[in-house]
Each structure stands twice: as structure tokens, then as C-alpha cells.
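Okay, here's what each chain looks like letter by letter:
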Amino acid sequence: MTKYTLVQKLRVVFIVLSVLSLIASLLLLRQFVTKNSEEYTVDQVRKVFNPKHRVLLLSSYNPFYYTYVHHIDGLQPGLYDNQVDYDVMFMDAKSFNSADDIRAFHDYIKYRLDNGNKYDGILVADDDALEFSIRYQHELFDGIPIVFFGINNYSLAVKASSIAGMSGFYENDYTLELVELARKLMPGRKIFYGLHDNSAAGNADRIVFNGLGDKFEDCEFNTINICDMNEEEFKQKLRSIPENAICIYMTCFTNNDGYTYSIEEMSSIVTDNVKAPVFRNHIADYSDGCIAGMAISFEEQCYDAALLMCDVLDGADINDHELDVETPQLVEADYNILDKYGISMNLLPTGSYIHNRPSNLLSMYGDLFPFAGLMLLSLIFITLAVTAVAVHEKQVNTELLESKERIEKSRENLKYQADHDELLDIYNRRYALEYLKTYAVTDMKYTVMMLDIDNFKDINEVYGHSSADFYLQTITYRIKDYVRDKDWMLARYGGDEFILWIPDKELGEDSSITQDLLGLFREPIKLDKDTIVSSCSIGISVSDGLTRPEIHIINAEIAMYEAKNKGRNRAILHSEEMKKRVTEENEIKAKLVNAMDNDGFYMLYQPQIDAKTKEITGYEALVRMYEKGMYPGVFIPVAENNGWINRIGRIVTELVIKQIAKWRDEGHTLHPVSINFSRNQIYDAGYVSFLKGLLDQYEVPSKYIEIEVTEGLFLERTQQAEALFEQFINLGIRLHMDDFGTGYSSLGYLTYIPVEIVKLDKSLVDAYLVEGKDSFIRDVIQLVHDLNKVIIIEGVEEKWQYERLKEFDADIIQGYYFSKPIEAEEAIVFSASDK
């Protein structure tokens, strides 16, 4: 080891030891000076931090219940340290626990959630709130992780932890352990009285307490339920407890009048009226007349619950967390009462807290001794570190001088690497943008080209990445060779995209340079044993003395995509019309996204009429947007092209099922409603489960939902499509074949496809329901009937059409003759009897 290395390590060691000693001494001093700084820090942190997430705490009780302050003391550090904020909603189940109260609490939460309060997670405190969360998980908290704690009912905790999206912590009441401690401290006493109420925690305590007779056969166990009597009767009952007994003060806070006592009130009542020694299974944090208390550490369990929630919000799977039943334990005792009964503190568990313990010099100032020693040690280490620093700095200066030359030599290499693409050794995108901003002056003449290899993805997938890289390098070499000795700028803009800046030229689609560049990409390239012949699409933007260079890049890219849309292997010069189309489509996209995120869709319903009776047999649901000018023919193609049709399909499905449930609740006679199912929705693997969940949630029978599918999807007969149709049928959903007759001449496929209803397209009605041709319509209707299927005729607009179709035995008529698509309120009361 060199002298320099030794000095450096000694310096680091001395500094670290000095800092550690100083920190340790300050921590000890901080602990000695104030016990409240932690709460102050938490409060201050909450005021300044920027939360990444927000969670909702559902508390079973009210903020005055004795456990609430412990819950908050445990939750806040775990949440705030991880940038998570929280809101609290109180069930107050001890005072309001009827079905109507729970429904009101449900409606309140739903109103809050529906009006802008969004939460990333739900924390659930105690049993009543957990039962509420289980009951309304899918309606109120669908997809939101739920972490529970303080659960007294073990079966309930196990049930909740088995539900997807839920996990948490069981609360051990320590009644058994408390009785064992009481027997240890006062072994001569054999009579026990347990105090409880009818709350979830109180009943859990009672069950455990009553079961102790089997474990301690030499003891007698009695219970007193405060809910069986008023306050005065309860006091008389307490005074009747024998002095030679032991009183176990359990969860006992709510009497038969529904009044909930604070822990201070109830502790005073118990200790003032019970002559026997009192033990409790909860922690009071102060001397309340009980000899000892043993209970769960609410703060520690809540802190663990907060950390679990933070882990889940950061990506952990809550379903991987098993129910935690190992609850942390606290024991506290009163020195004066121990001394009164002659009980030694040594009999208490290690770590027990003793109230009213007599003070002495060591207990008063003992915490300062380590502080003073650590401060002295810190001064010694800092003196040694300063000496080492002086030696070290001299050696560092020498090293810096020697390394300066090496740094200067590497700077140019780093600059080159920052500006160039590593694979192709040409400028990268970042530098290309800087270059154009510097050299492409607005009023100069120049051309910007965007070149993109056609079907490069296929080369990647068929020949692999290394061969694709070789292909790119070969193409790049050709372009570099072509532009050699020219003051053009060539850069790699993306994976297989190049940008070319050509100054002093205004090039078009048919210019010799443009055609030369297209030709470079058409020349064969040999890859291993194969020869690849490809092409490229080029977008061109020419300077106009007004447009900034970065806008020309965007214009060239728009033109390049236009070239691809027109068949590839060509160049397209940018025009304002292209930009206008892109702008219009972007506006439609923005309106669509806003509609999907902000309830921007509504439904119209077109009645379907029995041809013979003119009674309504059902409706077709047709989606509309509130946004003016956004007709289905405008927004549906954009949604299809951008992969949003699945989301819109789910929105439509929920709107329809909600409407059916509303009609039912209003007392209307229900009819089936058919929902259009897009071809692209076949890839929505969870749609059927989503549909079933809505039907179950709103209690709507599946017979009131029908799915309309275009005939092309039926005829593809893919495994995915057939599996989907089978799921619909198993759910009890009838299938419609929509647009029948628009694209296929053979009718034989009707014998095997799983549809019950066929919809004859309006185009066939217009073309064949005319004199001399209408026999075709009659034959189609007869064919569908022969196959035991129902036929709906769409697009019926005239009375004579209806009468002719009725004569042909058509089953159901849909069209403007009876009604255009109308609002739900009008549709449910519509009548066609006057037609």
C-alpha cells in the first residue's frame, strides 16, 4: 500500500468516524431535549412535500376513538417519507351502523370519487370499514389496492386477504397473554372478570376470554357486557367484583344507549369502581389506575401498513403479500400500583414501560453521558482528519496536474461520441437539430428530406438485429458516398430514418437528386446467403423564407408518411393540405381523448318494431359525442386507427347497462338492447368479463343485452373469434349478424355461424325492394326463417316499404319510417301504433 493511499484512507476513516460520532451525539441530544420533535417534523414535512400519490383512509370509527391518534402516528411517517398524502373518511360505525347508515356512507364516498377525488390506494382501519370495502370493492375501488389493519375478526382478515387486490394485518388482542401476565404477577388469584362491549373488537375479546377456561381449569372466568346495562348499572356491577379477583379491562367503550366513552372516561369509571386490581388489553400511554396493560403497538402496525401501501404504489404486487398475523406487542405498568401489591418490576417482560418510576441521577442525566463522550470523540477524530486532509490535498494537486492533459485529450473524443450515432458513424438526431438551427437561416434557400426504409421491420424480424444493423450500415455508406465532397448534412433521425439537409437547392419529387436517392435504396444488398431488395419513402420540405428549420423537419416527416400511405418507394413534397389533414385528425384525437376522460359520450336508441303487431321488440344503441360536429363517421375511424375503439366499446357497454337498470328502476317494461361490436374489439380479451361484471353489478339479466357483429368477422372463423362468440353464448347473450349481404354472395354460411338474428343491410333494401327485384328480398327472408333465425330489416323509411316487407313475413323493422335514433327517455315510452 502506497503512502498516498494510506493517507487517503485514514482521512476518510477519521472523517467518517467524526461525522458518525457527531451525528450520534446530536441524535442523543435531540432525544433528550424533546420528545415531540418527531411530530413537529412530520407536520412540517406534510406542509412542504409534493406528493406522488394520494390514498384514502377509511376509518371504522370517529376521530375521537382512542385508536385513531395511534393510527395517524404510525401512518404519517411511513406515508410522508415516501411522498404519499392521504385523506380520511370516518364511518363512525359505533354510532351509525344500520343498513341506511352504511348506504349513506356509500353514497357519500361515491359522490366524492365521482367528483374529482381520485385515489391510488385505500387504507382500511378496523373491521367495519373492511366489511364495507369488501362489499363495495368492485363498485367503488375497482383496480385500487386495499391495505387493511387493526382487524379483530381473524376469519374476516383471512377472507379479505384471499381477495385479489387486498392484503393487510390482523390485530391480536393479547387477551390470553394478558391473563398469563396477571397470573404471573398475582399467582394466588383465581377469579377473573372481563369487561367488554358489542363492538367487533369487544366481541373478539369476549370470545377469546371465554375460551380461557379450557386453558386455565383452576380459574373462574366471568364477563360483564356494558351493552347490557346503563352507566349506573354498570358501575354497580363493577363494585360487585370481589377484591380477591382480577379485572381484565378489554374493549368496553359503547353502552346500551349507543354512547361511546373516551378511553379516559372509561378508565376512570373502571378504576374508581373496581376494588380488585385491573389489567387492560390496550395501551393508555399514561397512568390511569390500572396495574398493567398489554396490547398491540398500533403505531408499529400502522407504520408497516403504510410501508406496504407505498411498496404497492411503487409497483409491488399486493397479492404477493400474505396476511400478517405477527402483531407487535407493548407492555406498560404503573410503578405505584405494582408497589402497592408488592410486585417486582423484574417479573414484567423485557422492554416494558413503567409509569411513575422513581427518578435518580442516572435516570435523569444518564442520556447526557453518551452525548458528552461522543462529542469528545468527534473532536478527536476531526483533528486527525484535518491533519490527513492537509497531506491528502498536496498529493491531490499533483495528481490533478498530471491528469489535466489526459482530460483535454479525451474531451474531443467525448464530443464526437455525443454528436454521432455509434452504429452508423453519422450525426445523431440531437446534433442534427442543433446544426439546422445554426446553419439553416430562415431566408436562405434549402431542402430538408426525411428518408425512411420501407418494411425495415420485416428485415429485423426475419434476419435478426445484427443483419439489420449491417443493412443500415450498407445503406448509410451508399448515402455518405453520394454526398461526399458536398456541404450537405446527413444524420440518423430514428431507427431506420435519415434526415438530409441540402443547402442552396429547392428539390421536388422528380428532381435528379431525389431519384438518385431513391435508387440508392433499390440496389440489392447481400445478407449472408440472401439478397435483399428494398426501397425507401422520402418526404421533402422546401424553404419558403418564413418557416423555421424545425418545422421543415416536421413537414418532411408528414410528407414521408404520406409517401408510405400512397404505396411506399416514392417521394412526396409537403403541402399545406397534408398539414391540414394531420391538424384536423389531431383535433379529433384531442376531442376523443377528452370525451373518453370526461364522460363526453351519450347514447341514442333506435326502436325495433315487430312487423305484424307494431310492438317494440328492442332497440339498437348508437353512440354519439356531445362535442359539436363530432359525428360517428368522423370519430369512429380515428378511434379505430389509434386503438381506442376497445375503450369506447366499454364506455358504450356501461352506458347501455346503466340505462337498462335505470329503466327497470323507473318501472318500465324492458326490451333487449343491441350493442355494436367493432371488428377490432375482438382483441379486447377481457371484454366478456367486463360485460359480465357490469351485468352482475347492476343486476341486469343477460337476455336484455345483444351484440351486433359484422358478417365479415363471422366468416373469418379465427380461433380467437370463435372463442369470443362461445363466451357470449355461454353468458346468455344473443348475437346479431350486422350488415348482412354487404360483402358476401354465398348464403350457405348461415347454416353454421352462431347467430340467432340477421340484420339485412339498408343497401339491399334500397337496391332490391323495388318493382321487379323484390322477390330477392322475399327469398332472403324465407331462407333466414328456414334456418330458424330472426331477420331485422334496416333502413325502412317509407310506409310502402314497411307494408311490402310485412307482406314478405319480415320479423322486425328498423328505420326512420317508425323512428330515428332518439333519447333514452323518449325511446322507452315510444309507440308505433299510430303508424
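This text gives an overview of the structure that appears in the document. (Residues numbered from 1 in each chain as written. Predicted model: local features only at pLDDT ≥ 70, side-chain atom pairs only at ≥ 80, totals over all residues. Heavy atoms only, no water.)

## Details of the overall build of the protein
Step number 1: The helix and strand tally for the protein stands at 30 helices and 27 strands.
Step number 2: Dimensions of the protein, computed from C-alpha atoms along their principal axes, come out at roughly 110 × 95 × 50 Å.
Step number 3: Looking at the protein as a whole, 46% of its 835 residues are labelled buried.
Step number 4: Partitioning the intrachain contacts of the protein with sequence separation of at least 6 by distance along the chain shows that 71% fall at a separation of at least 24.
Step number 5: Here the protein holds 83 positive side-chain charges and 132 negative ones, and the gap between their average locations is 5 Å. (Helix = DSSP H or I, 4+ residues; strand = E, 2+ residues; numbered from the N terminus. Buried < 20%, exposed > 50% of the residue type's maximum accessible area, 1.4 Å probe, protein only. Contact = heavy atoms within 4.5 Å. Lys, Arg positive; Asp, Glu negative; His and termini not counted. Charge placed at Lys NZ, Arg CZ, Asp CG, Glu CD.)

## A closer look at a nonpolar patch on the surface
Step number 1: Together, L376, L377, I380 and L384 give the surface a local cluster of nonpolar side chains, amounting to about 340 Å² of exposed area.
Step number 2: Summarising the element assignment, L377 is placed in helix α15 (residues 368–419).
Step number 3: Under the relative-accessibility criterion, L377 is labelled partly exposed at 35%. (Patch = residues over 30% accessible without salt bridge, like charges linked within 9 Å, V, L, I, M, F, W, Y side chains within 5 Å. Areas by Shrake-Rupley, 256 points an atom, 1.4 Å probe, with all protein chains shown as cover. Salt bridge = Lys/Arg side-chain N within 4 Å of Asp/Glu carboxyl O.)

## Quick look at unusual backbone geometry
Step number 1: If you check the backbone angles, N569 has positive phi at about 55° while not being a glycine.
Step number 2: For N569, a relative accessible area of 34% corresponds to the partly exposed category.
Step number 3: The backbone phi angle of D599 is positive, close to 55°, even though this residue is not glycine.
Step number 4: Along the polypeptide, D599 turns up in the loop between α21 (576–597) and β20 (601–610).
Step number 5: For D599, a relative accessible area of 68% translates into the label exposed.

## As for the side chain of T476
Step number 1: With respect to the secondary-structure elements, T476 resides in helix α18 (residues 465–483).
Step number 2: Other than its neighbours up to four places away in sequence, T476 contacts L424, I426 and F498.

## A word on the sheet that holds β20
Step number 1: Spatial strand order, β20-β21-β22-β23-β24-β25-β26-β27: eight strands in a closed barrel with mixed pairing.
Step number 2: The pairing of β20 with strand β21 (residues 616–625) spans nine bridges and is antiparallel. Of the residues in β21, the one forming a bridge with Y602 is R624.
Step number 3: Against the sheet, helix α23 (residues 645–665) contacts β20, β21, β22 (673–677) and β23 (705–710), and its axis sits at roughly 60° relative to β20. (Pairing = 2+ DSSP bridges. Axes fitted to C-alpha atoms, helices over the stretch in contact; angles between N-to-C directions.)

## Concerning the environment of V448
Step number 1: Tracing the sequence through the fold places V448 in strand β13 (residues 446–453).
Step number 2: V448 sits 216 residues away from E232 along the chain, and the two C-alpha atoms are 93 Å apart.
Step number 3: Dropping the residues within four chain positions of it, V448 is found in contact with I499, L500, W501, G539, I540, S541, H552, I553 and A556.

## Re the packing of aromatic side chains
Step number 1: Per the stated rule, a full pass over the model turns up 29 aromatic pairs.
Step number 2: In textbook terms, an aromatic cluster arises when at least three aromatic residues are bridged by ring pairs, as seen for Y427, Y431, Y435, Y439, Y446 and W501.
Step number 3: R429 extends its terminal NZ or CZ atom over the ring of Y493, reaching a point 4.1 Å from the ring centre.
Step number 4: Stacked on the ring of Y482, the Lys or Arg K486 has its end atom at 5.0 Å from the ring centre. (Phe/Tyr/Trp six-rings, centres within 6.5 Å; stacked < 30°, edge-to-face > 60°. Lys NZ or Arg CZ within 6 Å of the ring centre and 35° of its normal.)

## Regarding the pattern of salt bridges
Step number 1: Under the definition given, this model contains 39 salt bridges.
Step number 2: A salt bridge links E550 to R548; the nearest nitrogen and oxygen atoms lie 2.9 Å apart.
Step number 3: The salt bridge partner of E797 is K762, with a shortest N-O separation of 3.7 Å. Of this pair, E797 sits in the loop between β26 (790–793) and α29 (799–807) while K762 is found in helix α27 (residues 762–768), placing the two residues 35 residues apart along the sequence.
Step number 4: We classify K762 as partly exposed; its relative accessible area is 28%.
Step number 5: Through salt bridges that share partners, K415, D419, R430 and E434 make up one connected network.

## Regarding the nonpolar core
Step number 1: Y605, V656, I705, I707, F728 and I793 are the most contacted members of the largest nonpolar core, which totals 81 residues.
Step number 2: Element by element, the count of residues in this core is highest for α23, at eight residues.
Step number 3: Beyond its immediate sequence surroundings of up to four residues, F728 is in contact with F677, Y687, V688, L691, I707, I733 and L735.
Step number 4: The next biggest cluster of nonpolar side chains, apart from the first, holds 55 residues, and it includes Y61, Y174, F209 and C252. (Core = buried A, V, L, I, M, F, W, Y, C linked by side-chain atoms within 4.5 Å.)

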